[in-house]
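Chains, contacts and geometry: an overview
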Amino acid sequence: MTARRPGSNSLLLEQIGTLLAVPPGPLAGPRMRQVPAIHDAAVLIRDGRIAWFGPGDQAPLDEGSDTLSAGGGCVIPGLIDPHTHIPFIGDRSGEFIRRLAGESYLSIMQAGGGIRATARAVRNATLDELVTANLPRLQRMLQNGVTRVECKSGYGLAPEHELKQLEAIRELARRQPIDLEATYLAAHTLPEEYEGRADEFIELMADPRLLSDIAARGLARFCDVFCDRGAFTVEQARRLMERAIAAGLRLKVHADELAQIGASHLAGQMQAVSADHLECIDQAGIMALKAAGTIAVVLPGTSFYLGIPHCDARRLIEAGLPVALATDFNPGSCMIESLPWIMNIACCQLRMLPNEVLTACTANAAAALAVHRRAGAIEVGFDADLVVLDVTSLDEWFYTPGRPRVRLVIKAGQVVFRRPEHPV
Ligand SMILES: [Zn+2]
């Protein structure tokens with residue numbers, strides 16, 4: 001399938017049935033569904049970047065380039081998952097069963113389960129154990145066509161253990177091909193020892209020296225906060241965000257998941273890169289995000305997994321917000337690590353159209369990580385992160401959920417995953 005020439009740094013991906021040439025993000029409103037389709041296409045890759053794309057019979061002849069056949073399949077940009085809680089450790093399957101029996105997520109959390117249960121496991125784990133537990137998760141994500149993933153701390157609930165999580169992310173990035181974007185989730189929940197002292201906890205986690213250390217060592221690009229009923233208030237979140245900006249970090253917010261307390265308004269005011277969840281967003285929140293150019297990251301896997309109402313993604317799209325999708329992969333509210341599964345839920349439950357879903361998981365997901373000038377699109381000069389699918393159209397992919405359709409994954413011009421020829 002590949003004709004390899006020693007020393008060659010260019011690759012022509014040819015015999016592409018349909019190239020879905022997603023333009024660079026962010027893409028809002030009707031632009032989310034306007035994805036140019038080029039039939040019988042080819043993509044020329046040089047030095048890990050896209051050098052040319054277009055109809056195959058017009059492909060430039062690059063002396064000595066390798067060739068690779070897409071076998072008539074559909075080619076899309078590498079998928080991007082802009083919200084996960086990797087790295088975590090520990091087993092909370094007991095809570096899953098308790099929820100099925102009728103207990104609420106909030107009551108389990110109040111009884112010492114939930115985030116605090118994972119925090120105990122993360123505090124007890126070594127950095128090596130965190131890396132070992134999470135490497136296979138990223139390897140499976142790669143097999144699902146994901147080439148870039150956001151990873152958060154937030155289960156340490158103390159500076160030392162948050163730093164351990166961020167260092168685990170750095171080590172995971174070294175050990176496998178997916179690019180990882182790290183977020184310091186400074187305020188996820190209160191640890192037991194700070195019960196009733198949330199302001200003091202914010203002071204601890206938003207210590208300017210800690211934030212500067214994280215930024216200076218490149219341990220995270222973003223700072224995140226869970227601003228919601230039962231989590232942190234708007235005032236606490238604002239204090240943290242102001243300090244994070246001063247330290248040179250960019251902002252993300254867990255907003256409007258459980259209740260509307262003004263978190264999306266705050267995200268807009270503080271010009272957060274993304275506001276994530278948004279199940280309870282109101283019109284003022286939508287306008288605040290739109291005015292700030294904040295990306296709305298919708299997490300339908302969580303609603304599906306918890307059996308609670310979904311975010312109204314259609315309303316956000318119709319209002320002209322750029323919408324991204326993510327797994328929210330975490331051990332409590334969404335143990336779904338498959339982005340294609342999330343994409344299918346977005347079609348079937350959120351009534352998003354296939355092209356909107358693709359844009360949400362590529363161009364707009366790149367914008368939610370502020371990498372949209374180099375990733376998430378089929379564009380000359382962009383990273384050559386490409387996925388070859390075993391389908392002739394996106395419609396076919398989403399019409400037949402659960403079937404492994406990713407045939408090849410190319411990361412920065414290198415084939416990093418190839419599905420065995422025999423069906424599994
Ligand atoms: Zn989350």
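A brief structural summary. Here the structure is a predicted model, which means the values were calculated and not measured. (Residues numbered from 1 in each chain as written. Predicted model: local features only at pLDDT ≥ 70, side-chain atom pairs only at ≥ 80, totals over all residues. Heavy atoms only, no water.)

**Describing the overall build of the chain**
In plain terms, the rule: Only DSSP runs of H or I with at least four residues qualify as helices, and only runs of E with at least two residues qualify as strands; both kinds are numbered from the N terminus onward. We compute the radius of gyration from the C-alpha atoms alone; for a globule the expected value is 2.2 Å times N to the 0.38, where N is the number of residues. For every residue, the accessible area obtained with a 1.4 Å probe (protein chains only) is divided by the maximum for its type, and the residue is called buried under 20%, exposed over 50%, and partly exposed between those limits. Any two residues having at least one pair of non-hydrogen atoms within 4.5 Å are treated as being in contact. For the accessible areas, the method is Shrake-Rupley and the probe is 1.4 Å, while residue cover comes only from the protein chains on display.
A count of helices and strands for the chain gives 16 helices and 17 strands. Over its C-alpha trace the chain gives a radius of gyration of 21 Å, about what one expects of a compact globule, namely 22 Å for 424 residues. Considered along the principal axes of its C-alpha atoms, the chain spans approximately 65 × 45 × 45 Å. Every one of the 424 residues in the chain was classed for burial, and the buried ones make up 59%. Counted over contacts in the chain with a minimum sequence separation of 6, partners at least 24 positions apart contribute 73%. When the accessible surface of the chain is summed, it comes to about 16,200 Å², and 52% of that surface belongs to carbon and sulfur atoms.

**What to know about the coordination of the zinc ion**
Stated precisely, the cut-off is as follows: Think of the donor list as every N, O and S atom within 2.8 Å of the metal, or within 3.2 Å for Na, K and Ca; water never makes the list, so a site can look incomplete. Each label reflects the angles at the metal, where four donors whose angles all fall between 85 and 135 degrees are tetrahedral, four or six donors whose opposite pairs open beyond 155 degrees and whose other angles stay between 65 and 115 are square planar or octahedral respectively, and the rest are irregular.
Donor atoms from the polypeptide that bind the zinc ion are His-83 (NE2), His-85 (NE2), His-254 (NE2) and Asp-328 (OD), placed at 2.0 to 2.6 Å. Because the angles between the 4 donor atoms bound to the zinc ion fall within 81 to 166°, the donor set is best described as irregular. Positions of the donor residues of the zinc ion, expressed as sequence spacing, correspond to H-x1-H-x168-H-x73-D. Of this pair, His-83 sits in the loop between β7 (79-81) and α1 (93-100) while His-254 sits in strand β11 (residues 250-255); the two residues are 171 residues apart in sequence, bridging distant segments of the chain. On the basis of relative accessibility, which here comes to 0%, the residue His-83 falls in the buried class.

**Let's talk about the nonpolar core**
What counts here: Joining through side-chain atoms within 4.5 Å is the link that ties buried Ala, Val, Leu, Ile, Met, Phe, Trp, Tyr and Cys residues into a set, and such a set is a nonpolar core.
If you look at the biggest cluster of nonpolar residues, it comprises 111 residues, and the most contacted ones within it are Leu-79, Tyr-184, Leu-278, Leu-316, Leu-325, Met-352 and Trp-397. By size, the runner-up hydrophobic cluster in this structure holds 19 residues, among which are Leu-13, Ile-16, Leu-68 and Ile-378.

**As for the packing of helix α4 (residues 127-143) against helix α5 (residues 159-175)**
The relative placement of two packed helices is expressed as an angle between their axes plus a distance between the axes. Rules: Axis geometry follows a simple rule: fit a line to the C-alpha atoms, using only the stretch in contact for helices, then measure angles between N-to-C directions, giving values from 0 to 180 degrees. Angle categories: roughly parallel below 35 degrees, roughly antiparallel above 145, roughly perpendicular from 65 to 115, and oblique for all the rest. Take the far helix as your reference; a near helix turned counterclockwise from it by less than a right angle gives a left-handed crossing, and one turned clockwise gives a right-handed crossing.
At a minimum axis separation of 9 Å, α4 and α5 run at an interaxial angle of 50°. With respect to their mutual orientation, α4 and α5 come out oblique. Here the hand of the crossing between α4 and α5 comes out right-handed. For the pair α4 and α5, the contacting residues are Leu-127, Asp-128, Leu-130, Val-131, Asn-134, Leu-135 and Leu-138 in the first and Lys-164, Gln-165, Glu-167, Ala-168, Glu-171, Leu-172 and Arg-175 in the second.

**Some thoughts on the sheet that holds strand β14 (residues 323-325)**
Put simply, the test is: Two strands are said to pair when DSSP picks up at least two bridges between them.
A sheet is described by the order of its strands in space; here 8 strands give the open sequence β7-β8-β9-β10-β11-β12-β13-β14, paired in parallel fashion. Two strands lie at the open edges of the sheet, namely β7 and β14, each paired on one side alone. When the angles between neighbouring strand axes are averaged without regard to direction, this sheet yields 25°. Two strands pair when backbone bridges link them, and strand β9 (residues 179-187) and strand β10 (residues 222-227) are joined in this way by 4 bridges, in the parallel orientation. Within the sheet, the bridge partner assigned to Tyr-184 lies in β10 and is Cys-223.

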